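What the coordinates show
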Amino acid sequence: MRVVMFGYQTWGHRTLKALLEAPEHEVALVVTHPPSDHAYERIWSDSVAELAAEHGVPVLLRNRPDDEELLDRLAQAQPDVIVATNWRTWIPPKVFRLPRLGTLNVHDSLLPKYAGFSPLIWALLNGEPEVGVTAHMMDDELDAGDIVLQRAVPVGARDTTTDLFHKTLELFGPITVDGLALLATGRTDWTPQDRTRASFFHKRAEEDSRIDWTWTAEEIDRLVRAQSDPYPNAFTFYRGQRVRVVQASVSRGVYGGTPGRVFIPEDGGVVIVAGAQARRGTSHGLRIERVRLDDGTELAARDLFRTMGGYLTRAA
């Protein structure tokens with residue numbers, strides 16, 4: 001099968017590698033984005049362009065795939081199918097409908113939930129029991145087409161987004177190759193997405209990593225794990241300086257008071273009062289264990305919070 005690939009970052013790199021290694025497929029053209037300075041696009045940034053060039057596959061760099069030169073190159077490539085993985089901008093119908101078999105999009109969530117951006121982070125924040133990858137046919141609505149294949153992995157009790165990235169990354173190559181095998185049979189009876197269950201999430205930015213101490217300790221713990229290295233860490237402010245929380249967990253004890261209060265040492269960490277209902281004395285706190293300062297210094301929480309008292313705040 002002749003394939004044109006639209007892909008970016010490590011997800012696209014892994015998908016392209018699987019296609020190049022599959023003897024039944026010929027990759028005729030690769031379209032990828034130029035390198036970006038966006039914090040989330042510098043992470044997992046294996047180059048699709050370099051992998052394609054190593055295998056002699058023509059490459060086009062595009063932010064948006066809607067110019068006449070690209071359309072001409074697609075027509076010349078005569079693909080049976082387009083595969084899209086981690087493509088960051090809208091692909092117009094005149095592109096995704098061009099191949100005789102259409103366009104197979106591979107997305108790192110269990111659609112219809114968590115369409116859009118950073119699905120693993122959002123899913124972990126929301127306490128989902130599993131995450132996964134969906135191969136679906138592209139249509140006019142983003143991440144909304146009929147499902148060809150879907151595969152899931154469980155979320156462990158202490159998993160970080162980094163853990164979930166590595167778990168789901170292993171699914172990208174196989175689900176792409178298996179999805180194309182199903183398309184090759186001529187089947188078109190794919191599973192429509194239940195749009196009543198759909199959710200669409202925006203790109204994450206600095207504000208999304210700022211700790212709100214009125215969240216419960218369980219929610220803040222998930223935020224810290226969701227923003228694990230190499231992602232931009234969850235952060236707060238203490239005595240005018242930004243503090244990035246590298247490692248934390250829910251406290252063993254129940255602590256009442258005002259959210260954000262630096263309260264008490266516990267099990268090698270320091271407990272911060274958390275939760276909108278903390279004043280009732282029924283909530284666990286967040287036990288901070290390791291932090292990182294703006295200059296890159298990483299230290300144990302006990303070395304930063306040497307005396308109890310004072311508050312962690314949303315701003316300096």
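Small disclaimer: the values here were computed from a predicted structure and weren't measured. (Residues numbered from 1 in each chain as written. Predicted model: local features only at pLDDT ≥ 70, side-chain atom pairs only at ≥ 80, totals over all residues. Heavy atoms only, no water.)

**A look at the overall build of the protein**
Applied cut-off: Under the scheme used here, helices are H or I runs from DSSP no shorter than 4 residues and strands are E runs no shorter than 2 residues, and both carry numbers assigned from the N terminus. For every residue, the accessible area obtained with a 1.4 Å probe (protein chains only) is divided by the maximum for its type, and the residue is called buried under 20%, exposed over 50%, and partly exposed between those limits. Contacts were defined at the residue level, with two residues in contact if any of their heavy atoms lie within 4.5 Å. The accessible surface values rely on the Shrake-Rupley method and a 1.4 Å probe; as for residues, cover is taken only from the protein chains in view. In this tally, Lys and Arg are treated as positive and Asp and Glu as negative; His is ignored, and so are the chain termini. Every charge is mapped to an atom, namely NZ of Lys, CZ of Arg, CG of Asp or CD of Glu.
The helix and strand inventory of the protein stands at eight helices and 16 strands. By principal-axis analysis of the C-alpha atoms, the protein measures approximately 70 × 40 × 30 Å. For the protein, the residues scored as buried account for 53% of the 316 residues in total. Long-range contacts, defined here as pairs at least 24 residues apart, represent 69% of the contacts in the protein between residues at least 6 apart. Summed over its atoms, the accessible surface of the protein is roughly 14000 Å², and 50% of this surface lies on carbon and sulfur atoms. One finds the centroid of the 36 positive side-chain charges in the protein at a distance of 7 Å from the centroid of its 43 negative side-chain charges.

**Looking at the environment of Thr32**
Among the secondary structure elements, Thr32 is positioned in strand E2 (residues 26-32). According to the relative accessible area criterion, Thr32 is buried, its value standing at 2%. Note: C-alpha distance between Thr32 and Asp66 (34 residues apart in sequence) is 13 Å. Among all residues touching Thr32, those that are not within four sequence positions of it are Gly7, Tyr8, Val48, Ala49, Val59, Leu60, Leu61, Arg62 and Trp87.

**Overview of the packing of aromatic side chains**
What counts, and what does not: When the centres of two rings from Phe, Tyr and Trp lie within 6.5 Å, Trp using its six-membered ring, the rings pair. Their planes under 30 degrees apart give stacked, over 60 give edge-to-face, and anything left gives tilted. Lysine NZ or arginine CZ positioned within 6 Å of the ring centre and within 35 degrees of the ring normal marks a charge as sitting over the ring.
Scanning all chains against the criterion turns up ten aromatic pairs. Among the aromatic side chains, those forming a connected cluster through ring pairs are Trp11, Tyr40, Trp44, Phe165 and Tyr231. Sitting over the ring of Trp122, Arg204 keeps its end group 4.5 Å from the ring centre. The side chain of Arg242 reaches across the aromatic face of Phe235, ending 4.6 Å from its centre.

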